[in-house]
Amino acid sequence: MGEERVKEEALRIMSVVEVLPRLVVFDLDYTLWPFYCECRSKRETPSLYRDAKGIMYALKDKGIDMAIASRSPTADIANAFLDKLDLKPFFVAIEIFSSWTHKTEHFQKIQRRTNIPYKSMLFFDDEDRNINSVSKMGVTSILVENGLNLDMFKLGLRNVASSKTKE
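Residues numbered from 1 in each chain as written. Predicted model: local features only at pLDDT ≥ 70, side-chain atom pairs only at ≥ 80, totals over all residues. Heavy atoms only, no water.

Draft legend 1. Representation of the environment of K60 within the structure. You can see K60 is positioned in helix α2 (residues 52-61). Residue contacts for K60: discarding those within four places in its chain leaves M66 and F90. (Helix = DSSP H or I, 4+ residues; strand = E, 2+ residues; numbered from the N terminus. Contact = heavy atoms within 4.5 Å.)

Draft legend 2. Molecular detail of the pairing of strand β3 (residues 91-96). Where strand β2 (residues 65-70) lies against β3, five bridges are found, and the strand directions are parallel. Paired with M66 across the bridge in β3 is F91. Following the backbone out of β2, through helix α3 (residues 75-84) and into the adjacent parallel β3, one traces a crossover that is right-handed. (Pairing = 2+ DSSP bridges. Right-handed = clockwise from strand over helix to strand, strands pointing away.)

Draft legend 3. Structural context of the nonpolar core. Ranked by size, the top nonpolar core spans 41 residues in total, and within it F26, L32, W33, M56, L59, F91 and F124 carry the most contacts. Mapped onto this core, the elements with two or more residues apiece are α1 (3-15), β1 (23-26), α2, β2, α3, β3, β4 (121-125) and α6 (150-165). The element contributing the most residues to this core is α6, with six residues. What L59 contacts, discounting residues up to four positions off in sequence, is M14, V24, F26, I64, M66 and F153. Listed in part, the 14 residues of the second largest apolar core include I110, M121, F123 and V134. (Core = buried A, V, L, I, M, F, W, Y, C linked by side-chain atoms within 4.5 Å. Buried < 20%, exposed > 50% of the residue type's maximum accessible area, 1.4 Å probe, protein only.)

Draft legend 4. Geometry of the packing of aromatic side chains. Taken as a whole, this structure holds eight aromatic pairs when the rule is applied. Considering the side-chain rings of Y30 and Y36, the 4.8 Å spacing of their centres and the 65° angle between planes classify their relative orientation as edge-to-face. Between Y57 and F90 the ring centres are 5.2 Å apart and the planes differ by 70°, which places this aromatic pair in the edge-to-face class. In this pair, Y57 sits in helix α2 while F90 sits in the loop between α3 and β3, placing the two residues 33 residues apart along the sequence. Relative accessible area serves as the criterion here: at 30%, Y57 is assigned to the partly exposed category. Here a set of aromatic residues connected by ring pairs shows up, and it is made of W33, F35 and F81. Over the ring of F35 we find R40, and its NZ or CZ is 4.0 Å from the ring centre. Over the ring of F97 we find K109, and its NZ or CZ is 4.9 Å from the ring centre. (Phe/Tyr/Trp six-rings, centres within 6.5 Å; stacked < 30°, edge-to-face > 60°. Lys NZ or Arg CZ within 6 Å of the ring centre and 35° of its normal.)

Right under this line is the structure:
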């Protein structure tokens, strides 16, 4: 499925969900792209998982803010790849730094910058420990096993909507 078709499908999914998140936060390694930055060189040309950019275009069209939370020890490479993929304009916050806090510090910085409550955020990551710690902050968190795709996106939106209807 091409970017445009993914975007259309993501928009369709969003149109049937009662409550949308105000901010969607993505991990990078094995969530948006299929590799670890620290195993790559800035000279390389990176690629995203197939559905990632179409989903981001759909979120942008809907006016939903996006951010990055990555524990990469090679922020320079991650930033270079975001530039090469023309992704930086999508994000209202980019927090890329090595940390032992399982991303809670990343989310504290994102929350301070955006003033969006944790309960209005949706987070995608490939590591259980990050999902667990960020979930405890009140963020709806989705574990992706083969990168961000439309099925994971739909699951995340459904979980946001169901958590809002319980309030």
